[in-house]
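# Summary of the model geometry
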Amino acid sequence: QVQLVQSGAEVKKPGASVKVSCKASGYSFIDYDINWVRQTSGQGLEWVGWMNPESGNTASAQKFQGRVTLTADTSISTAYMDLSSLTSDDSAVYFCASGASRAASYPGHWGQGTPVTVSS
Amino acid sequence: ETVMTQSPATLSLSPGERATLSCRASQSVGSSVAWYQQIPGQAPRLLIYGASIRASGIPARFSGSGSGTDFTLSISSLQSEDFAVYYCFQYNNWPPSHTFGQGTKLEIK
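Now for a description of the structure that goes with this document. Bear in mind the structure is a predicted one, so any value in this text is a computation, not a measurement.

### Quick notes on the packing of aromatic side chains
In this structure the tally under the stated criterion is eleven aromatic pairs over all chains. Between B:Phe89 and B:Tyr91, the ring centres sit 6.4 Å apart and the planes meet at 25°, which makes this aromatic pair stacked. Side by side, B:Phe89 and B:Tyr91 carry an identical accessibility label, which is buried. Ring-pair connections join several aromatic residues into one group, and the members of that group are A:Phe95, A:Tyr106, A:Trp110, B:Tyr36, B:Tyr49, B:Tyr87, B:Phe89, B:Tyr91 and B:Phe100. Sitting over the face of the ring of A:Tyr80, A:Lys19 holds its NZ or CZ atom 4.9 Å from the ring centroid.

Below is the structure:
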């Protein structure tokens, strides 16, 4: 079955960068889009960005443009989200999610989430 | 950016009752709307895509409707496990510029 396993919790200082990984299994990694979504404590879901692992094409929400880099290593079926210039507002749980089906850009299967804490 | 506005923010109902959740888009998104259920401490779960298509394994009591700017998620007879937070999500844009609604908390009355 489809499984997405994310890297562990991170604690970073303001101004630093964080890189979260998302290892996929149970399906052909290049056939399904990957979305990144975050959730601040007790708050709602916020879409961060999207990538197509086969083409390498990416897109991100306007508020993250210039700060987020989405990549993938297809040889190990792993996607990465790199977020730079962190502030306390970036403290959140970050989820990766694969497309629900081929050519579906909406998330269907989710990772367990990676808590990121930004604190001095 | 397309803004998705959900109402109400909180809905208090009893088991067995019918729930109706609304989502309005700031511009037309066609039928490119999905609904997610999130239980605290868990990842979201896909319920509906294409505005009205139930995802695999989702009970028939969940239904979605709408197109353009107005969308509805209905739960016909609430079960205890349905009390959670629900989010609408639009994926109409290309290149992707997706957005979530702010969520509706469905709580036990």
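### Digging into the sheet that holds strand β8 (residues 70-75) of chain B
Strand pairing in a sheet takes place through backbone hydrogen bonds and is either antiparallel or parallel in direction. All names here are of chain B. Taken in spatial order, the four strands line up as β1-β3-β8-β7 in an open sheet, and their pairing is antiparallel. Two strands lie at the open edges of the sheet, namely β1 (4-7) and β7 (62-67), each paired on one side alone. Across the sheet, the axes of successive neighbouring strands diverge by a mean angle of 20°, strand direction being ignored. Pairing between β7 and β8: six bridges, direction antiparallel. In the sheet register, Ser-67 faces β8, and the bridge partner there is Asp-70.

### So, the environment of B:Gln90
Residue and element names in this part refer to chain B. For Gln-90, the position within the fold is in strand β9 (residues 85-90). As for Gln-90 and Ser-32, which are separated by 58 residues in sequence, their C-alpha atoms are 5.7 Å apart. Dropping the residues within four chain positions of it, Gln-90 is found in contact with Thr-2, Met-4, Val-29, Ser-32, Val-33, Ser-97, His-98 and Thr-99. Here Ser-97 takes part through its backbone oxygen, which lies 3.0 Å from a polar atom of the side chain of Gln-90.

### Observations regarding the sheet that holds strand β7 (residues 68-73) of chain A
Residue and element names in this part refer to chain A. Across the sheet, four strands lie side by side as β1-β3-β8-β7; this open sheet has antiparallel pairing. Each edge of the open sheet is held by one strand with a lone partner, namely β1 (3-6) and β7. Across the sheet, the mean angle from the axis of one strand to that of its neighbour is 20°, orientation sign disregarded. Pairing of β7 with strand β8 (residues 78-83), which is carried by six bridges, proceeds in the antiparallel orientation. Each residue of the ladder has a partner; that of Ala-72, found in β8, is Ala-79.

### So, the side chain of B:Thr99
Residue and element names in this part refer to chain B. Looking at the element boundaries, Thr-99 is found in strand β10 (residues 99-100). Looking at Thr-99, its side chain comes within polar contact range of the main-chain oxygen of Thr-2, at 2.7 Å. Those residues in contact with Thr-99 that sit more than four places away from it in its chain are Glu-1, Thr-2, Met-4, Cys-88, Phe-89 and Gln-90.

### Regarding the pairing of strand β4 (residues 34-39) of chain A
Residues and elements named next belong to chain A. Buried residues dominate β4, accounting for six of its six residues. Neither face of β4 is left uncovered, since the one carrying Ile-34, Trp-36 and Arg-38 and the one carrying Asn-35, Val-37 and Gln-39 both have all their residues buried. The turn joining β4 and strand β5 (residues 45-51), which pair antiparallel and follow one another in sequence, is formed by five residues; a positive phi near 70° is taken by Gly-42.

The rules we used
Counting from 1, residues in each chain are numbered in the order their sequence is written. To label them, take the chains in the order written and letter them from A, then take the ligands in the order written and number them from 1. Only residues with pLDDT of 70 or above have their local features reported here, since the model is predicted, and side-chain atom pairs are shown and tallied only from 80 upward, although totals for entire chains, interfaces and linings are computed over all residues. Only heavy atoms go into the side-chain values, all of them from the structure, while hydrogens and water stay out. Each Phe, Tyr or Trp ring, with Trp reduced to its six-membered ring, pairs with another whose centre is within 6.5 Å; inter-plane angles below 30 degrees give stacked pairs, above 60 give edge-to-face pairs, and intermediate values give tilted ones. Type-normalised accessible area, obtained with a 1.4 Å probe on protein chains alone, sets the label of each residue: buried when under 20%, exposed when over 50%, and partly exposed for intermediate values. In this analysis the charged atom, NZ for Lys or CZ for Arg, is taken to sit over a ring once it is within 6 Å of the ring centre and within 35 degrees of the ring normal. In short, DSSP must find at least two bridges between two strands for them to pair. Helix and strand labels come from DSSP, where a helix needs a run of H or I of at least four residues and a strand needs a run of E of at least two; each type is numbered from the N terminus. Axis definition: a line fitted to C-alpha atoms, limited for helices to the stretch in contact. Angles are taken between N-to-C directions and run from 0 to 180 degrees. Contacts are assigned to residue pairs with any non-hydrogen atoms lying within 4.5 Å of each other. Nitrogen and oxygen atoms within 3.5 Å of one another constitute a polar contact, given that in protein one can donate a hydrogen and the other can accept it, and given that sequence-neighbouring residues count only through two side-chain atoms.

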